[in-house]
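# Working through the structure, step by step
Chain residues, written in single-letter form:
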Amino acid sequence: MTDTVAEVLPDNNDALDPLGDVEEGQAKNRAKVGSARPSSLLYTYGPGAIMDLPNFSIMPAGLDDWEPIWKRREVVPTILEPRLLNVVRLHLGTQVDALRPFPWQPKKGTLSNEGSDLGLPARVFPQWFRCTGCDYLGPLTRFTYTNTHPFRPDLAQFAHKPCPGRGGRGRRAGSPAVAAQHLLTCTNGHLDEFPYTLWVHRGATCPNAESPELKMRDANVGRSVGSTIICQACGTTRGMAEAQGSKGREKLPQTCRGRHPHLGAFYPGCQARPALIMMGASNLWFPSTQSIIVMPRSDAEKKEALGDQLRFEVGIDQIKQFGEQVPVIRALAAARNIDVTGLTDDDIAAAVAEVLAPPESEEARKERQAKWDPIELLIPEWRYLQKPALFPEQQNNTGLMVTEMQRGPDLHRHVARVVGVNRMKRVNAVLGFTRLDEMDRVNDVASRLVALTRAARPTWVPATEDRGEGIFLQLDLDAVARWEKTVEGSALWKAHREAHRRNFARRFSETAKVDDADTRLPGPRYWLVHTFAHVLIREMAMYSGYGAASITERIYAWNDAPQRESAAGLLICTTASDSEGTLGGLVALAEPARLQSIVRTALRRAARCSSDPTCAMRTPADPEDFLHGAACHTCSFASETSCEKANRFLDRRFLLDLPTADGPTVPGFFGSFHGI
């Protein structure tokens, strides 16, 4: 969605305050309908996504509707991490002044009331339901809502009362209703109900009724695909199978209404064509997020963070009032637990000037955004991990504690260093979301990024703090550089590069600006490190006590450039956003004897796949456009929560010398599997 809004029309629920019962002293909890972990709200069920509940579905609302919830607190909590906040400002504008957690508070006990006045506001969506007793299909207003048990939100449901049933076997108490599955969406991120009445009448009106009653009947297995819509007034029928595919798209409305259900508003003027999408489709919602690992701040970084700390903790009004009196600002900062030790009066004066300075111009911000690369978030982490001398002097208040580990005598020679990450804190922020196509980079086609607020730009964004542990492995940089030069001239790499070009042209045909596909293709060293991370995740899950889906990767793999040195390493970690950390089962695997055994076993498993030789020889050829080679669910793929690239850019041939017939091959970085 662009920043310019032509007109805003109210939706069914433009004033959303689901916790109003709490303030009015209602005896029954009619607001709570479910719960979710903060991590799932960030990556799976954020604003604009559809969350399935036992009996219906909801959509978390935009940030405007979070404000009434936050107003129940005198002080709104914030997550202070300037490095991440600066990136959010770069993409959403300088008006963003805070990262906020989700409106949630832990309870001291099962029956305690802490946080009962907090919660994530949501709208019921889709708002067309189908009765399970009589197949009646209608809008939300034709069904009765029930949610009265304070400790059983799973019992909340919509019912059709009275229900005539099938064959006259009606139920006066009503039959449960379920959400209709069909929706319309477009590449600009709008989402709307499917126009069932227009569909069954082929774009016309019913000749016998102004608002006819409809029924949706499932097809018998083996006879046809999909459901059938029936008009009770005129008897017209039409199958939903006609709406599928490219031919079906021609029969759908050709104009998008510009609806954003999470904002409760319509934005007319959308030029994209609607497409059919099912409620549970995986491409219905793609979050655009950025994350960092919190590192100990140097003196320079402390100075950089001071401005934001003063803005949040002291406040603009007091800074304006006492800005010229540095001792007063220093005292106000100390009173609010801001660490100003080691900072001179000039440093504090510079921070005050930063707070009071006019915001950056929009032209300058867009110019910086065009040059920004996501790798910039990883460079400080990589550089810190290259300085073991700093490890004993760690600032534990950052949540990071790392230990340089000894290499086992039998650890493969190409694994140069091992670092145990005993404690770590990761901060994640969501900038918006897209539909149909995922954004590979957050600054690709900014107009596709659906806003989180009704206003043109948000003043804050949701964020989470995750704490956990991990293992960092660094590969031999010289060996990686020599291997990469060999691979870049191979037939296999040429095949991957051509497949990526075809994939980019097809995937972004409707949504992306003109761009060079090769700039979006990670180099061979990324494929190498990424594949290595996947085989380690699968192996470590067997020994760490954590499921494979809860172990994630963080890849440091890039070539040198004017502003950065080359990197080749990986962080395997596990974090939790609703606890004080994890149990240590993963970092314990960094012990020399255990790690060398795990690496050896992981590489041996990677040498064989039950789908070989098909998997080992898989190479994309025109017109194929898949973004992996010798990799599949059996040998290399990881869960969606573990992989930062959705199981793309993987090939076991970059790890090992796999036996092949006559297909293109490359020397494996770790050599022959017989020698492991």
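See above for the structure.
Note that the structure is predicted; figures quoted are calculated from it, not measured. Throughout, residues of each chain are indexed from 1 in the direction in which the sequence is written. Confidence filtering applies because this is a predicted model: local features only for residues at pLDDT of at least 70, side-chain atom pairs given and counted only at 80 or more, and all residues used for totals across whole chains, interfaces and linings. Hydrogens and water molecules were not included; the side-chain quantities draw on all heavy atoms of the structure.

### A closer look at empty space enclosed by the protein
The following threshold applies: Each cavity reported here is a set of points on a 1 Å grid over the protein atoms alone in which a 1.4 Å probe fits but cannot get out, each pocket an open set with protein on both sides within 12 Å along at least five of seven lines, and each lining residue one with an atom within 4 Å of a point. Grid points are joined across faces, edges and corners, and a volume is the space filled by probe spheres set on the points. Secondary structure elements follow DSSP: runs of H or I no shorter than four residues count as helices, runs of E no shorter than two count as strands, and numbering proceeds from the N terminus. Charged means Asp, Glu, Lys or Arg here, nonpolar means Ala, Val, Leu, Ile, Met, Phe, Trp, Tyr, Cys or Pro, and polar covers whatever is left, Gly included.
By the definition in use, this model includes three cavities of 30 Å³ or more. Roughly 80 Å³ of volume is contained in the largest cavity. Lining the largest cavity, in full, are Ile293, Met295, Glu381, Tyr384, Leu385, Leu400, Val402, Val421, Met424, Tyr556 and Leu571. When contributions to the lining of the largest cavity are tallied by element, the ones reaching two or more residues are helix 12 (375–385) and strand 21 (415–434). With three residues, the single largest contributor to the lining of the largest cavity is helix 12. Among the residues making up the lining of the largest cavity, the classes are represented as ten nonpolar, no polar and one charged.

### Quick look at the sheet that holds strand 11 (residues 182–185)
Within a beta sheet, neighbouring strands are joined by backbone hydrogen bonds and run either parallel or antiparallel to one another. Formally: Between any two strands, pairing holds if DSSP finds at least two bridges. Convention adopted: a line fitted to C-alpha atoms gives each axis, helices being fitted over their contacting stretch, and angles between N-to-C directions are expressed from 0 to 180 degrees.
In spatial order, the strands read 12-11-18; together these three strands make up an open sheet with antiparallel pairing. Both edges of this open sheet fall to strand 12 (191–193) and strand 18 (275–278), since each of them pairs with a single strand only. Geometrically, the sheet is characterised by an average inter-axis angle of 40° between neighbouring strands, direction not taken into account.

### Considerations on the sheet that holds strand 6 (residues 128–131)
Within the open sheet, the eight strands sit side by side as 8-9-10-6-7-13-14-15. Their pairing is antiparallel. The sheet terminates laterally at strand 8 (144–146) and strand 15 (237–239), the two strands that pair on one side only. With direction set aside, neighbouring strand axes in the sheet form an average angle of 35°. For strand 9 (residues 157–160) and strand 10 (residues 175–179), the ladder comprises two bridges, and the chain directions are antiparallel. Residue pairing across strands places Ala159 opposite Pro176, the latter belonging to strand 10.

### A closer look at helix 12
We apply this condition: Only protein chains enter the accessibility calculation, which uses a 1.4 Å probe. A residue is then buried if its area is under 20% of the maximum for its type, exposed if over 50%, and partly exposed in between.
In terms of residue burial, helix 12 counts as a mostly covered element, since eight of its eleven residues are buried. Along helix 12, the residues that are buried comprise Ile375, Leu377, Leu378, Ile379, Glu381, Trp382, Tyr384 and Leu385.

### With respect to unusual backbone geometry
Pro162 follows Lys161 through a cis peptide bond whose omega is -20°. When you line up the elements, Pro162 lands in the loop between strand 9 and strand 10. Residue Asp622 is joined to Pro623 through a cis peptide bond whose omega torsion reads 10°. Located in the positive-phi region is Arg202, a residue other than glycine, with phi close to 55°.

### Thoughts on the pattern of salt bridges
Charged atoms that come close allow side chains of opposite charge to pair. Counted only if it meets this: In what follows, salt bridge is the name for a side-chain nitrogen of Lys or Arg lying within 4 Å of a carboxyl oxygen of Asp or Glu.
Throughout the structure, instances matching the rule amount to 27 salt bridges. Measuring nitrogen to oxygen at the nearest pair gives 3.6 Å for the salt bridge that ties Lys371 to Glu367. Separated by four residues within a single helix, Lys371 and Glu367 lie in helix 11 (residues 362–371), roughly one turn from each other. For Lys371, a relative accessible area of 62% puts it in the exposed group. In this structure, Glu381 and Arg554 form a salt bridge, with 2.9 Å as the shortest nitrogen-oxygen distance. A residue pair is termed long-range when its members are at least 10 positions apart, and Glu381 in helix 12 and Arg554 in strand 23 (residues 552–558) qualify at 173 residues. A relative accessible area of 7% means that Arg554 is categorised as buried. A single salt-bridge network, built from bridges that share partners, covers Arg130, Asp135, Arg166, Arg217 and Asp218.

### Some details on the packing of helix 15 (residues 524–540) against helix 16 (residues 592–606)
Spelled out, the test is: Any angle that falls under 35 degrees is termed roughly parallel, while one over 145 is termed roughly antiparallel, one within 65 to 115 roughly perpendicular, and all others oblique. Two helices cross in a left-handed way if the nearer one is turned anticlockwise from the farther one by less than a right angle. They cross in a right-handed way if the turn is clockwise. Whether two residues are in contact is decided by their heavy atoms: any pair within 4.5 Å suffices.
Where helix 15 contacts helix 16, the axes come no closer than 9 Å and their chain directions differ by 115°. As summarised for this structure, helix 15 and helix 16 are arranged roughly perpendicular, according to the angle between their axes. Seen from above, helix 15 lies across helix 16 with right-handed handedness. Contacts between helix 15 and helix 16 pair Phe532, Val535, Leu536, Glu539 and Met540 from the former with Leu595, Ile598, Val599, Thr601, Ala602, Leu603, Arg605 and Ala606 from the latter. Each residue belonging to the contact of helix 15 with helix 16 can be placed in one class, and the counts come to ten nonpolar, one polar and two charged.

### Some remarks on the packing of helix 4 (residues 82–92) against helix 11
Remark: helix 4 packs on helix 11, axes separated minimally by 8 Å, with the N-to-C direction vectors making an angle of 110°. Judged by the angle between their axes, helix 4 and helix 11 are roughly perpendicular. Judged by the twist between their axes, the crossing of helix 4 over helix 11 is left-handed. Across the interface between the two elements, Arg89, Leu90, His91 and Leu92 from helix 4 touch Arg365, Arg368 and Gln369 from helix 11.

### Considerations on the pairing of strand 14 (residues 227–231)
On a regular strand, one side chain projects to one face of the sheet and the next to the other, so that they alternate. Strand 14 sits mainly inside the fold: four of its five residues count as buried. Of the pairings in the sheet, the one linking strand 13 (residues 214–218) to strand 14 comprises five bridges and is antiparallel in character. Its bridge partner being in strand 14, Arg217 is matched across the sheet by Thr228. Both strand 14 and strand 15 contribute to a ladder of three bridges, which runs antiparallel. Bridged to Ile229 within strand 15 is Arg238.

### Points about the nonpolar core
In plain terms, the rule: The set of buried Ala, Val, Leu, Ile, Met, Phe, Trp, Tyr and Cys residues whose side-chain atoms join them within 4.5 Å is what this entry labels a nonpolar core.
Judged by nonpolar contacts, the single largest core of 52 residues is most densely connected at Leu475, Phe532 and Phe670. Among the elements that take part in this core, helix 15 stands out by supplying ten residues, more than any other. For Phe670, the contacting residues outside a window of four places in its chain are His412, His414, Val415, Leu475, Leu528, Phe532, Leu603, Leu655 and Leu656. Within the second largest apolar cluster, 38 residues are counted, among which are Leu53, Cys134, Ala179 and Ile277.

### Let's talk about the side chain of Asn428
Convention followed: Side-chain atoms alone can form a polar contact between residues adjacent in sequence; in general such a contact is a pair of N or O atoms within 3.5 Å, and within protein one must be able to donate a hydrogen while the other accepts it.
Relative to the assigned elements, Asn428 resides in strand 21. Relative accessible area serves as the criterion here: at 0%, Asn428 is assigned to the buried category. Within the structure, the side chain of Asn428 is placed 2.9 Å from the side chain of Tyr43, a separation counted as a polar contact. Within the structure, Asn428 has its side chain in polar contact with the side chain of Asp466 (distance 3.0 Å). Dropping the residues within four chain positions of it, Asn428 is found in contact with Leu42, Tyr43, Leu84, Gln290, Ser291, Pro462, Ala463, Thr464 and Asp466.

Everything listed here is a matter of geometry and, on its own, says nothing about what the molecule does.
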